[in-house]
Amino acid sequence: LRESRPAAPPNHLRTRRRRIATASLQLTCRCSRCRYVSDSPMLAPINPVPPLYAALRSVPSETRIMHTGASSPILTSPVASRQLTPPQAYNSVFNQDPNPPRLIGNFPLLPLRTKTRGPAYTLPAPAPPLPAAESPDPDSESYDILDEVLALFRANTFFRNFEIQGPADRLLVYGIWFLSDCLQKIKPTAGLRDAQKDVMNLALDLNFAIPGDPGFPLNQMYEPPRDRQDAEQLKQYMAQVRQELATRLLARVYADDETKPSKWWLSFTKRRFMGKAL
């Protein structure tokens, strides 16, 4: 005689079983298509539905029973129905800086470790010098907001929601948006020289929107400058940020091989932080 095998459960019961975290929980399907009972770890057909006292006898003490007026109770596990807190994006550590930065609107002009000319206060270079693809320790006085942008870019791009907790978060958001634009300029087969030409052309282009302009994303999060002088200074600072970010990004993307970009960076090309782009 051929050995009999248990019948395979229907697809809708498989989906229901995956949602239950308690292994010893007994489930009964009472739909019009089948009469199945799931008793972990096996699924076996049953007809008719087991009586109420048989179901109650196999229920763990921590399992809740909900009566819906049907012939059998619906058993639910507290593990399966637990509401998990969704993960949140990372905020900037510079929000807790005891020395508040100068603001234009509500956009901060934080110090930068850069050789590019601009209105930003220049931080000292790390000692001893580090490779171009590495950042100093966060406790170092040479650590700036652009190091944090590069460190949090790949983690924060997965999020569509972001809570602004301080002025530094606005610069963090803008830096992540600009890095996404830079990665789109790097072709998978491009070498360092070709990528540097395309990315730096984007960084040096002064025809970009600032907070308050119609083309700037999420203007409701950013206040416009008070006058033309503040607007010009803000644009110079943002241009300084763009050039320094582009230089540091290229150093990381081509840190291992100057003939081809890193796939660990290019895999985030299509990601859109908060669903927005510059």
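Going by the annotation in an unreviewed UniProt entry, the name recorded for the protein chain is Actin-like protein 2/3 complex subunit 3, with Tolypocladium ophioglossoides given as the source organism. Taken from UniProt, the Subcellular location (unreviewed entry) comment for the protein chain reads in full: "Cytoplasm, Cytoskeleton".

### Some words on the overall build of the protein chain
Scanning the protein chain from N- to C-terminus turns up seven helices and seven strands. Each helix and strand of the protein chain, placed in order from N terminus to C terminus, yields the pattern α-β-β-β-α-β-β-β-β-α-α-α-α-α. For the protein chain, with 278 residues in total, the buried portion stands at 42%. The contacts of the protein chain with a sequence gap of at least 6 include a subset with a gap of at least 24, amounting to 66%. As presented, the protein chain carries roughly 17000 Å² of accessible surface, and 50% of it is formed by carbon and sulfur atoms.

### Re the packing of helix H5 (residues 192-204) against helix H6 (residues 228-253)
Running from N to C, H5 and H6 point in directions that differ by 165°, and their axes come no closer than 9 Å. The orientation of H5 relative to H6 falls into the category roughly antiparallel. Judged by the twist between their axes, the crossing of H5 over H6 is right-handed. Two secondary-structure elements touch here, H5 through Leu192, Ala195, Gln196, Val199, Met200, Leu202, Ala203 and Leu204 and H6 through Arg242, Gln243, Ala246, Thr247 and Leu250.

### As for the side chain of Asp169
For Asp169, the location among the structural elements is in helix H4 (residues 167-185). One buried charged residue, Asp169, remains without a salt bridge, the closest side chain of opposite sign being Arg170 at 7.4 Å. Residues contacting Asp169, with those up to four places away along its chain left out, are Asn91, Ser92, Asn95, Phe162, Glu163 and Ile164.

### Concerning the packing of aromatic side chains
Describing an aromatic ring pair means giving the distance of the ring centres and the angle of the ring planes. The tally for this structure, following the rule as stated, stands at 10 aromatic pairs. Relative to Tyr143, the ring of Phe94 has its centre 6.1 Å away and its plane inclined at 5°; by these criteria the two rings are stacked. Of this pair, Phe94 sits in the loop between strand S5 (74-76) and strand S6 (102-104) while Tyr143 sits in the loop between strand S7 (107-109) and helix H3 (145-156), placing them 49 residues apart in sequence. Take Phe94 and Tyr143: they sit in the same class, and that class is buried. Among the aromatic residues, those joined into a ring-pair cluster are Phe107, Tyr174, Phe216, Tyr222 and Tyr237. Sitting over the ring of Phe208, Lys235 keeps its end group 5.3 Å from the ring centre. The ring of Phe208 is capped by Arg242, whose NZ or CZ atom sits 4.3 Å from the centre of that ring.

### Brief notes about the side chain of Glu244
Positionally, Glu244 belongs in helix H6. A residue is classified by how much of its surface remains accessible, and Glu244, at 11% relative accessible area, is buried. Side-chain polar atoms of Glu244 contact the side chain of Arg248, separated by 2.8 Å. Contact partners of Glu244, with chain neighbours within four places excluded, come to Arg113, Thr114, Lys115, Thr116 and Leu146.

### Considering unusual backbone geometry
Between Ala127 and the following residue, Pro128, the backbone shows a cis peptide bond with an omega angle of 0°. Within the secondary structure, Pro128 sits in the loop between S7 and H3. At Leu218, a residue that is not glycine, the phi angle is positive and equals roughly 55°. Counting through the fold element by element, Leu218 comes out in the loop between H5 and H6.

### Section: H5
In this model, H5 (13 residues) spans 17 Å end to end at C-alpha, consistent with the 18 Å of a helix rising 1.5 Å per residue. Those residues of H5 not exposed but buried are Ala195, Val199, Met200, Leu202 and Ala203. Projection of H5 onto a plane perpendicular to its axis shows the buried side chains occupying an angular sector of 150°, all on one side. Pointing more than 90 degrees away from the buried face of H5 are the exposed residues Arg193 and Lys197. For H5, the secondary structure elements touched by its buried residues are H4 and H6.

### Section: the confidence of the model for the protein chain
Scored by pLDDT, the protein chain comes out at a mean of 77, with 69% of its residues at no less than 70. Low pLDDT, under 50, characterises residues 15-82; the predicted model gives this stretch 100 contacts beyond four residues in sequence or across chains.

Conventions and cut-offs
Residues numbered from 1 in each chain as written. Predicted model: local features only at pLDDT ≥ 70, side-chain atom pairs only at ≥ 80, totals over all residues. Heavy atoms only, no water. UniProt positions renumbered as here; feature names shortened; annotations may be inferred. Helix = DSSP H or I, 4+ residues; strand = E, 2+ residues; numbered from the N terminus. Buried < 20%, exposed > 50% of the residue type's maximum accessible area, 1.4 Å probe, protein only. Contact = heavy atoms within 4.5 Å. Areas by Shrake-Rupley, 256 points an atom, 1.4 Å probe, with all protein chains shown as cover. Axes fitted to C-alpha atoms, helices over the stretch in contact; angles between N-to-C directions. Parallel < 35°, antiparallel > 145°, perpendicular 65-115°, else oblique. Left-handed = near helix turned anticlockwise from the far one by under 90°. Lys, Arg positive; Asp, Glu negative; His and termini not counted. Salt bridge = Lys/Arg side-chain N within 4 Å of Asp/Glu carboxyl O. Phe/Tyr/Trp six-rings, centres within 6.5 Å; stacked < 30°, edge-to-face > 60°. Lys NZ or Arg CZ within 6 Å of the ring centre and 35° of its normal. Polar contact = N/O pair within 3.5 Å; in protein donor to acceptor, adjacent residues only side chain to side chain. Expected span 1.5 Å × (residues − 1). Arc of directions from axis to C-beta. pLDDT = per-residue confidence, 0-100.

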